[in-house]
Amino acid sequence: MAISVGGDSSIEKPMSDINTTPLVDVMLVLLIIFLIAVPVVIQNVKVTLPEVVYDPTTTKPENVSLSVRGAPDGSDTCEVYWNMSKVTNEELLDRAVEKLKKEIERQGGVGNPDLELPEVHIRADIDTPYHCVGGTIYTMQRAGFVKVGFISQPAPGGG
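Right, let's walk through the structure included here.

Reading the values: the criteria
- Residues numbered from 1 in each chain as written.
- Predicted model: local features only at pLDDT ≥ 70, side-chain atom pairs only at ≥ 80, totals over all residues.
- Heavy atoms only, no water.
- Pairing = 2+ DSSP bridges.
- Helix = DSSP H or I, 4+ residues; strand = E, 2+ residues; numbered from the N terminus.
- Axes fitted to C-alpha atoms, helices over the stretch in contact; angles between N-to-C directions.
- Contact = heavy atoms within 4.5 Å.
- Disulfide = S-S within 2.5 Å.
- Buried < 20%, exposed > 50% of the residue type's maximum accessible area, 1.4 Å probe, protein only.
- Expected span 1.5 Å × (residues − 1).
- Arc of directions from axis to C-beta.
- Salt bridge = Lys/Arg side-chain N within 4 Å of Asp/Glu carboxyl O.
- Right-handed = clockwise from strand over helix to strand, strands pointing away.

With that settled, the discussion passes to the sheet that holds strand β4 (residues 120-124). Sheet strands associate in pairs through backbone hydrogen bonding, adopting either a parallel or an antiparallel arrangement. Spatial ordering of the open sheet is given by β3-β2-β1-β4-β5, a layout of 5 strands whose pairing is mixed. For this open sheet the edge positions go to β3 (85-87) and β5 (148-150), each flanked by a neighbour on one side alone. Between one strand axis and the next, the sheet turns by 30 degrees as a mean value, whatever way the strands run. Bridge analysis of strand β1 (residues 64-70) against β4 gives 5 bridges, and the strand direction is parallel. Opposite Val64, over in β4, you have Val120 as the bridge partner. Sheet contacts for helix α2 (residues 89-106): β1, β2 (78-82) and β3; angle to β3, the most-contacted strand, approximately 110 degrees.

For the rest of this paragraph, the subject is the state of the cysteines. All chains considered together, the criterion is met by 1 disulfide. There is a disulfide in this structure between Cys78 and Cys132, and the S-S distance comes to 1.9 Å. Across the S-S bond of Cys78 and Cys132 the torsion is about -80 degrees, and the bridge reads as left-handed. Of the two residues, Cys78 is situated in strand β2 and Cys132 in helix α3 (residues 130-143); the sequence distance between them amounts to 54 residues. Exposure remark for Cys132: the relative accessible area of 3% places this residue in the buried category.

This part is about α3. Owing to its 3.6 residues per turn, the α-helix aligns residues three or four sequence positions apart on the same side. A rise of 1.5 Å per residue sets the reference length of α3, with its 14 residues, at 20 Å; its end C-alpha atoms lie 20 Å apart and thus fit the reference within 8%. Within the span of α3, buried status applies to Cys132, Val133, Thr136, Thr139, Met140 and Ala143. Around the axis of α3, the buried residues are gathered within 125 degrees of arc, so they sit on the same side. Residues of α3 that are exposed and angled more than 90 degrees away from the buried face: Tyr130, Tyr138 and Arg142. Buried residues in α3 make contact with β1, β2, α2, β4 and β5. Backbone geometry just after α3 places Gly144 at a positive phi near 120 degrees.

Moving on: the pattern of salt bridges. A full pass over the atoms with the stated rule returns 4 salt bridges. Linking Glu116 and Lys60 is a salt bridge whose minimum nitrogen-to-oxygen distance equals 2.7 Å. Of this pair, Glu116 sits in the loop between α2 and β4 while Lys60 sits in the loop between α1 (21-41) and β1; the two residues are 56 residues apart in sequence, bridging distant segments of the chain. Note that Glu103 and Arg106 form a salt bridge whose closest N and O atoms lie 2.5 Å from each other. Within this pair, Glu103 and its partner Arg106 are both found in helix α2, separated by 3 residues, close to a single helical turn. Given a relative accessible area of 8%, Glu103 falls into the buried group. One network of salt bridges, in which partners are shared, links Arg69, Glu79 and Lys86.

The next thing to look at is the pairing of β4. Summarising the sheet, β4 and β5 pair through 3 bridges and their orientation is parallel. Bridge pairing links His121 to Gly149 in β5. Following the chain from β4 across α3 to the adjacent parallel β5, one finds a crossover that is right-handed.

Time to look at unusual backbone geometry. Even without a glycine there, the phi angle at Asn83 is positive, about 55 degrees. Considering the arrangement of structural elements, one finds Asn83 in the loop between β2 and β3. Assessed through its relative accessible area of 46%, Asn83 is described here as partly exposed.

This is the structure in structure tokens:
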């Protein structure tokens, strides 16, 4: 309750001052609640993300180069190219198994301690659906290839 004391005017004027104390109290309580609640809501699992390093690709003749892209007509099919020739999923598996067998025989068989298996290098278009790339990786791993890598273009100025 406000009391007006003194003054030379005998006419009462309405008070135009707003009592902000309750508003400040409510804001402080909300601030404390948010300070307590936010760390509980945000839960992070600590992980160490890999550093991005662009190593130049060493091309060996025994490595397999695949290009993967979605169908140009926009359908849900995938196109896989072994070097420059288009292959189906079955042909990809057959070619991969045959390539791996020939390379193991060329290096002296499975008993060779210096056996170096070929790698698979996959180049995928930026708009390629994930299932196309994932299916290609799965097929190559099913064939027996252990090292599967991706060929990408480094960011400008990010040598």
